Amino acid sequence: MNHPMKHLTPLILLALTLAITPALRAEDQPDAAPHAKALLSNGDFETLKDGAPVGWFGKNTDNISVQEEAGNHFLRLKVTEPPESAKTVLVYRSVDLPADAKALELSYRVRYEDIKVGKEAWFDGRIMMNFKDAEKKVVKPAPKHPNFRGTNKEWTARTQKMLVPQGAKTLEIMPTLFQAATGTLDFDDFKLTPLSDAQANALVEEETEALRQKAQREAAAEQKVDDKLAAQLAQTGNLLVNGDFETPNKQGDFADTWGQKKDDGSLTWMEENGDHFLRIVSQETGKITMAYRLVVLPREVKGLEISMRYRTSGVEKGTQMPGDARAIMHFKSGPRYGHMEYGSQVPPSPRAMTFGNRTGEWTQVTQRCLVPEGATKLELMPGLWFAKAGTVDLAEIRIVPMSDADALEMKTDIDAAAKLKAQRAALIDNILAQPPITPELKVSGNQIVTAADGKTLWLQGLSVDSMQWSMGENILWSIHVAIDEWHANVIRLAVMDTFWFGHGKGQPPGAGAQEQYRQLVDQAAQLCAARGAYLIIDLHRFGAPMQRDVAFWQDVAQRYKNNPAVLFELFNEPHGISWKVWRDGGNLKEDKHTDVNPTENTEKQAGEDSVGMQALLDAVRSTGANNAVLVGGLDWAYDLTGITNGYALNDPAGASGGGIIYVSHIYPWKKGWQEKILVAADKHPVIITEIGAIEKWSDFSFIGEKQRYPLEGWAEDVLAMLQQNKLHWTGFSFHPKCGPMIITDWNYTPTPYWGVYVKEALAGKQFELKKMR
């Protein structure tokens, strides 16, 4: 059994030793005879100086005293603080050992009264001891620590024999009340005596036999645990007892083995259609509300399959991470019987199982994980972790051992993935170390050309997503694949000002996470520059430009100003405003214009006054940045009619800058390509920074029936339209979970309804335009 004191004692004692207050100066201590039978002087506490026992040292001396009883002196340790303020009361003595000492006998008299255990199971009265070498380092094994609890008012003689480990030069003896809640502990007549060689040999045999018997008992206990687990699996197929919450406790008011119901309603045992489940309700914003179980694991288990059936309602994201509904798990070491709470975390922990906001819908989630070496238990904590509000219902939790073959296959896959990740990181590092070769570009009429020699550029690429909702997923490798394998020469990188300034949802707090996010954008820019490609930094906001967006572009433009590889897309998808407010800003409540599809995004507008797109352009130019700027039109950036009808922006950089490239987004429900896009493209360069075909209309149910038409041939037609008119474009989305998807997985397998066509177009295939939309 791994008792925590075995691991904690050396560190704790070192700290205590350093903090000890001497009772007597070294020159005042009596001489010790190193080879005398009695190794410990003044063990009877009869020799005092200023009321303190000579040779002994104390910590928290207000709680330590030498008492007299019938002419006899003894040591008293006493708890005088309330239990919540319990502290360690300790007396210290270091004894030099004879060079030939093989074993020792410690004897003493003790009595105690009302010693109650403190906050931890080992907080009580005891004698702590350590052997140390010539350099004052702890030598193991340490002697056993006799402990004292409850009351024993009569003086009782005790003895303890101990073997001296090789290299030990001193023995530390520390009578203590170790953060006990209450109690009085008296000691007298300490004696430390070397044992003869014959006694030492007998002690070796005695301890060897004791260890053998202990090993037998532990083996039997371990086998009993495994037999019980095997029976549990045979009966229920689940290592988690009462994982279906059907068995009540003795009182009948809560699920057995799951603790007890909470009076505040945070934990309740519910029934629905004859089935029981556990309900966890957030009662206070930003707090943890959870259930807790410690699941004992079979000794030879190599992997686990964990499944949970849940439903949630009203879960609102909190400001502190993770701020949602999930099950957090940790593997732990330590005993599988007795004091099972003992033990430490064993990394790596299983991945947390996140509970999505599935109002009224029971949902099953399953994951597999390997059991790390040394893990004996699984700590399971499902609930609400710092969420603003919400309810989680748990109907069943199953924890099942994986087969050895499945665990081996999983480990092989994990090792291979780690190796591949390291290889990819090395390749990316090599590219990042290369010099930038991307030529500076600028606008010339309705074309994009190289600034140095006026060669026409045709930007064709991919939209790499995830940094608009997270710290980024596979960003650099995706850019590498997009450029080197899919032949993109431009990458659109969607970002959010909240993450840029260090307060995005789920973003770890502190400047470190903010700088990590910014450095990833830096690396994306350098990766493109080293390959002669361009990076579009897209502020992925919706609605109308606001003052916060001005602050973002002033900061970003300052960081990347005049970087030839970096272009600025000022605002993702403007909508719900007039062209005048779009350009010049204005009061959003007074502006009555609405877009065709206001349900495509539900982001609420912050504030009442828009600054307009011109203000964002001015913010960029105010930093001295002459980078080309991308500006999206209305109707979720689809409609560019206002650009040719008097609402084009004025570029303060004039002819010396990179100029303005206007942006449109095209999806299958957007009609009128000629009117909405191509008319503007006759006079200005236009880039389609979002373009995506969908597999079926049911995936985009928010699109009304009147806007739908047959999807067959749309992907080929829209790509053909881009090619015929030499419109610049970045396909959406180069992420397997951001629709419309170009890829199905992180192996970058193209989707058959869109990705296949995008990859062919980037490789140079020309499509035939059969139908304009």
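Residues numbered from 1 in each chain as written. Predicted model: local features only at pLDDT ≥ 70, side-chain atom pairs only at ≥ 80, totals over all residues. Heavy atoms only, no water.

Peer 1: Residues and numbers for the environment of A142, please.
Peer 2: Along the chain, the position of A142 falls in the loop between β10 (138-139) and β11 (147-148). Among the residues examined, A142 registers a relative accessible area of 37% and is labelled partly exposed. Taking C-alpha positions, A142 is 9.2 Å from M128, a pair spaced 14 residues apart along the chain. If we ignore the near neighbours within four places in the chain, the residues touching A142 are M129 and N130. (Helix = DSSP H or I, 4+ residues; strand = E, 2+ residues; numbered from the N terminus. Buried < 20%, exposed > 50% of the residue type's maximum accessible area, 1.4 Å probe, protein only. Contact = heavy atoms within 4.5 Å.)

Peer 1: Can you break down the pattern of salt bridges residue by residue, with the values?
Peer 2: In the structure shown here, the tally under the stated rule is 46 salt bridges. Across the pair K132 and E172 runs a salt bridge, and its minimum N-O distance is 3.0 Å. Of this pair, K132 sits in strand β9 (residues 125-132) while E172 is found in strand β13 (residues 170-178), placing the two residues 40 residues apart along the sequence. For the residue pair K132 and E172, the accessibility class agrees, reading buried in each case. Across the salt bridge formed by D549 and R548, the nearest N and O atoms sit 3.4 Å from each other. Relative accessible area serves as the criterion here: at 0%, D549 is assigned to the buried category. Overall, the relative accessible area of 24% leaves R548 in the partly exposed class. (Salt bridge = Lys/Arg side-chain N within 4 Å of Asp/Glu carboxyl O.)

Peer 1: With reference to specific residues and values, describe the sheet that holds strand β12 (residues 150-163).
Peer 2: Strand order in this open sheet of five strands is β5-β6-β14-β8-β12, and the pairing throughout is antiparallel. Here the strands that pair on one side only, and so sit at the sheet edges, are β5 (64-69) and β12. Averaged over all pairs of adjacent strands, the angle between strand axes in this sheet comes to 30 degrees, irrespective of strand direction. Two elements, strand β8 (residues 103-116) and β12, share 10 bridges in a ladder whose sense is antiparallel. Paired with S107 across the bridge in β12 is T159. Helix α2 (residues 197-236) rests against β8 and β12 of the sheet, and its axis sits at about 105 degrees to β12. (Pairing = 2+ DSSP bridges. Axes fitted to C-alpha atoms, helices over the stretch in contact; angles between N-to-C directions.)

Peer 1: Pulling in residues and values, what's your account of helix α12 (residues 714-725)?
Peer 2: For α12, built from 12 residues, the straight-helix expectation of 16 Å at 1.5 Å per residue is met to within 8% by its first-to-last C-alpha distance of 17 Å. Taken across its 12 residues, α12 has nine buried, putting it largely inside the fold. Buried within α12 are the following residues: W714, A715, D717, V718, L719, A720, M721, L722 and Q723. Looking at the buried side of α12, the elements it contacts are β37 (660-666), α11 (673-681), β38 (686-691), β39 (728-731) and α13 (755-762). (Expected span 1.5 Å × (residues − 1).)

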